[in-house]
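# Remarks on the overall topology
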Amino acid sequence: DRNDKPTTAESGYYFLQSPTVETARPHSNLQIPAKTQNDQPIDILKIRKDFPILSQKVNGKQLVYLDNGASSQKPQQVIDAIANYYKEINANVHRGVHTLSQLATDAFEAARAKIQQHINAKESYEVILTSGTTHSINIVANGFSNMLKVGDEILISALEHHSNIVPWQMLCERTGATLKVIPMNLDGELLMAEFDSLLNPNTKIVAVNHVSNALGTINPIRYIIAEAHKGGAAVLIDGAQSVAHIKPDMQELDCDFYTFSAHKICGPTGTGVLFGKEEWLNKLLPFQGGGEMIKEVTFEKTTYADLPYKFEAGTPNIAGVVGFGAAIDYLNEVGMDAIAQQEEEILKYATAELLKIPELKIWGTAQEKVSVISFNVGNLHPYDIGTILDNSGIAVRTGHHCAQPIMNFCKIPGTVRASFSFYNTIEEVDLLVKAILKAQKMLS
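Criteria and cut-off values
Residues numbered from 1 in each chain as written. Predicted model: local features only at pLDDT ≥ 70, side-chain atom pairs only at ≥ 80, totals over all residues. Heavy atoms only, no water. Helix = DSSP H or I, 4+ residues; strand = E, 2+ residues; numbered from the N terminus. Rg over C-alpha atoms; globule rule 2.2 N^0.38 Å. Contact = heavy atoms within 4.5 Å. Areas by Shrake-Rupley, 256 points an atom, 1.4 Å probe, with all protein chains shown as cover. Lys, Arg positive; Asp, Glu negative; His and termini not counted. Charge placed at Lys NZ, Arg CZ, Asp CG, Glu CD. Salt bridge = Lys/Arg side-chain N within 4 Å of Asp/Glu carboxyl O. Buried < 20%, exposed > 50% of the residue type's maximum accessible area, 1.4 Å probe, protein only. Core = buried A, V, L, I, M, F, W, Y, C linked by side-chain atoms within 4.5 Å. Axes fitted to C-alpha atoms, helices over the stretch in contact; angles between N-to-C directions. Parallel < 35°, antiparallel > 145°, perpendicular 65-115°, else oblique. Pairing = 2+ DSSP bridges. Phe/Tyr/Trp six-rings, centres within 6.5 Å; stacked < 30°, edge-to-face > 60°. Right-handed = clockwise from strand over helix to strand, strands pointing away. pLDDT = per-residue confidence, 0-100. Polar contact = N/O pair within 3.5 Å; in protein donor to acceptor, adjacent residues only side chain to side chain.

Counting its secondary structure elements, the protein chain contains 14 helices and 19 strands. Its C-alpha radius of gyration of 22 Å places the protein chain within 12% of the 22 Å reference for a compact globule of 444 residues. Dimensions of the protein chain along its principal axes, counting C-alpha atoms only, are 70 × 55 × 40 Å. Summarising the internal contacts of the protein chain: among those between residues at least 6 apart in sequence, 72% fall at separations of at least 24. Of the roughly 18700 Å² that the protein chain leaves accessible, carbon and sulfur atoms contribute 51%. Here the protein chain carries 38 positive and 49 negative side-chain charges, and the mean point of each set is 4 Å from the other.

Take a look at the structure:
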């Protein structure tokens, strides 16, 4: 079924017990007891108390934060995990025999294993810790440099963020490969018949996002993965915008690479993940050279370390990774099913209320989408609307959202984007509508 997509329903989550550091290779056989996922409706007032920033005022008004697609806010549990790392175990990882280094290594590798369990990766060493989705995609694009030649093709979609366009363009410039694009329609959905036509024996890798950051469209990635694999192509899924809403399962999806960033899921900035199947990671060239990613170095020759360290050169963002693990714990404690339910209610209500505003047009009306609404109001410039909303304490994103090809296709300069999270409320939607009406009156 080409409309098949990953479900948000999951049976449970895992509580991780820290691994030891007897070996430099992350443990892949940790015995982790299962714990039933919280599937109770969200106590929104209790949840909001976990996020200190939500209680502050902006321009004299109570903050209404609706820019979660750019970066989510952080609960106190994540803030505390980062602070406690610096207060109690601050040291470099993997390299020291002293106690603090071993504690830091424990915490770092525990976070890796939490991520492994969350996405159901087969092995913990298939989880590469990076600075974010952009870094992750560049690792893969760079790694394909010695596998492509003139006549080979790379397939992306019209819905991509610039981070899943530019690295492939650069790869084509280096190798002579050709970049091709799956087109979209004005509903913000990919034309899957065109995808079928574009796939051919020359297609070496397909790189598409799970969810469009600009429009909220959920792409039919199961179908894309299955069809690409039939022709022998590798598949990279950009999960930056999906993981806050959908819990991905690497065994079920069977993609070759999956990328995402911590800061989209209540974690810190500057840290992210590249999941890669072991056989593919072993084929890729290292992206950076330096300490940690080596096995032996002489002036004549260097041999590379085993996975995952082959791709983790230099001192990592240890505190960020610890915070990443805490964010995974937090989301699972809230419950991904409960999060999906809360966001679906917000999306339905916000869509209905926004469409009552005269001249407001929503861009991105796919049947399957997450809680993101991009819109314009008549001929009013998105920046002007965003400025007035900010004066009312409402944070939204305006512009092309690093997705200029989408804006060019729609023949618009950009949109106002309200992206909702599970800690947003119906009352905040009402404030958004009221502020848009005010902006419309002021600018008309």
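So, on to the pattern of salt bridges. A complete count under the given rule lists 15 salt bridges for this structure. Residues Glu109 and Arg112 are paired through a salt bridge, measuring 2.7 Å at the closest nitrogen-oxygen approach. Here the residue Glu109 and the residue Arg112 both occupy positions in helix α3 (residues 99-119), the gap between them amounting to three residues, near one helical turn. Taking the relative accessible area as the measure of exposure, Arg112 reaches 0% and is therefore buried. Among the charged side chains, a salt-bridge network with shared partners connects Asp67, Arg397 and Arg417.

Counting 77 residues, the largest nonpolar core has Phe195, Val206, Tyr258, Phe260, Ile406 and Phe422 as the members making the most contacts within it. Counting 26 residues, the second largest nonpolar core, distinct from the first, contains Ile137, Val140, Cys172 and Leu274.

Attention now moves to the packing of helix α10 (residues 318-334) against helix α11 (residues 336-354). With their axes 5 Å apart at the nearest point, α10 and α11 run at an angle of 70° to one another. Here α10 lies roughly perpendicular to α11, going by the angle between them. Contacts between α10 and α11 involve Leu331, Asn332 and Val334 from the first element and Met336, Ala338 and Ile339 from the second.

The strands making up a sheet associate through hydrogen bonds between their backbones, and the pairing can be parallel or antiparallel. Spatial ordering of the open sheet is given by β6-β12-β11-β10-β9-β7-β8, a layout of seven strands whose pairing is mixed. Edge positions in the sheet fall to β6 (127-130) and β8 (178-182), since each has one partner strand and no second. Taken pair by pair, the neighbouring strands of this sheet meet at an average axis angle of 20°, ignoring direction. With five bridges joining them, strand β9 (residues 203-209) and strand β10 (residues 234-238) adopt parallel strand pairing. The residue of β10 that forms the bridge with Val208 is Ile237.

Another aspect to go through is the packing of aromatic side chains. Describing an aromatic ring pair means giving the distance of the ring centres and the angle of the ring planes. A full pass over the atoms with the stated rule returns 12 aromatic pairs. With a centroid separation of 5.8 Å and an interplanar angle of 85°, the aromatic rings of Phe51 and Tyr330 are classed as edge-to-face. Of this pair, Phe51 sits in the loop between α1 (44-49) and β3 (57-58) while Tyr330 sits in helix α10, placing them 279 residues apart in sequence. The pair Phe51 / Tyr330 is uniform in exposure class, with both members buried. Aromatic pair Phe144 and Phe257: ring centres 6.5 Å apart, planes at 70°, arrangement edge-to-face. Within this pair, whereas Phe144 is found in the loop between α4 (133-143) and β7 (153-157), its partner Phe257 is found in strand β11 (residues 257-261), the two being separated by 113 residues in sequence. Among the residues examined, Phe144 registers a relative accessible area of 2% and is labelled buried.

Bridge count for β7 against β8 is five bridges, and the pairing is parallel. What sits directly across from Ile154, in β8, is Leu179. Considered for its hand, the β-α-β crossover made up of β7, helix α5 (residues 166-175) and β8 is right-handed.

The next subject is unusual backbone geometry. Between Leu307 and the following residue, Pro308, the backbone shows a cis peptide bond with an omega angle of 0°. On the secondary structure map, Pro308 appears in the loop between β14 (302-304) and α10. A positive phi is found at Asn120, a non-glycine position, where the angle reads about 60°. Inspection of the secondary structure puts Asn120 in the loop between α3 and β6. Classification of Asn120 by relative accessible area gives partly exposed; the value is 32%. Its identity is not glycine, yet Asp254 carries a phi of approximately 65°, on the positive side. Topologically, Asp254 is positioned in the loop between α8 (250-253) and β11. We classify Asp254 as partly exposed; its relative accessible area is 35%.

The predicted model of the protein chain averages 91 in pLDDT, with 91% of residues at 70 or higher. Taken together, the stretch residues 1-37 has pLDDT below 50 and engages in 86 contacts with residues farther than four places along the chain or on a different chain.

The strand order across the open sheet formed by four strands is β15-β16-β19-β18, and the pairing between neighbours is antiparallel. Edge positions in the open sheet fall to β15 (360-363) and β18 (397-399), since each of these has one partner strand only. Taking each pair of neighbouring strands and ignoring which way they run, the sheet shows an average axis angle of 30°. Inspection of the sheet shows β15 paired to strand β16 (residues 372-377) by four bridges, in the antiparallel sense. Opposite Ile362, over in β16, you have Phe375 as the bridge partner. Each of β15 and β16 touches α11; the most contacted strand, β16, lies at about 10° to it.

As a further point, take the side chain of His401. Here His401 shows up in the loop between β18 and α13 (404-410). Residue His401 is classed as buried on the basis of its relative accessible area, which comes to 7%. A polar contact is formed between the side chain of His401 and the side chain of Thr415, at a distance of 2.7 Å. Among residues more than four places away in sequence, those in contact with His401 are His161, Asn213, Ala214, Ser374, Met407, Thr415 and Arg417.

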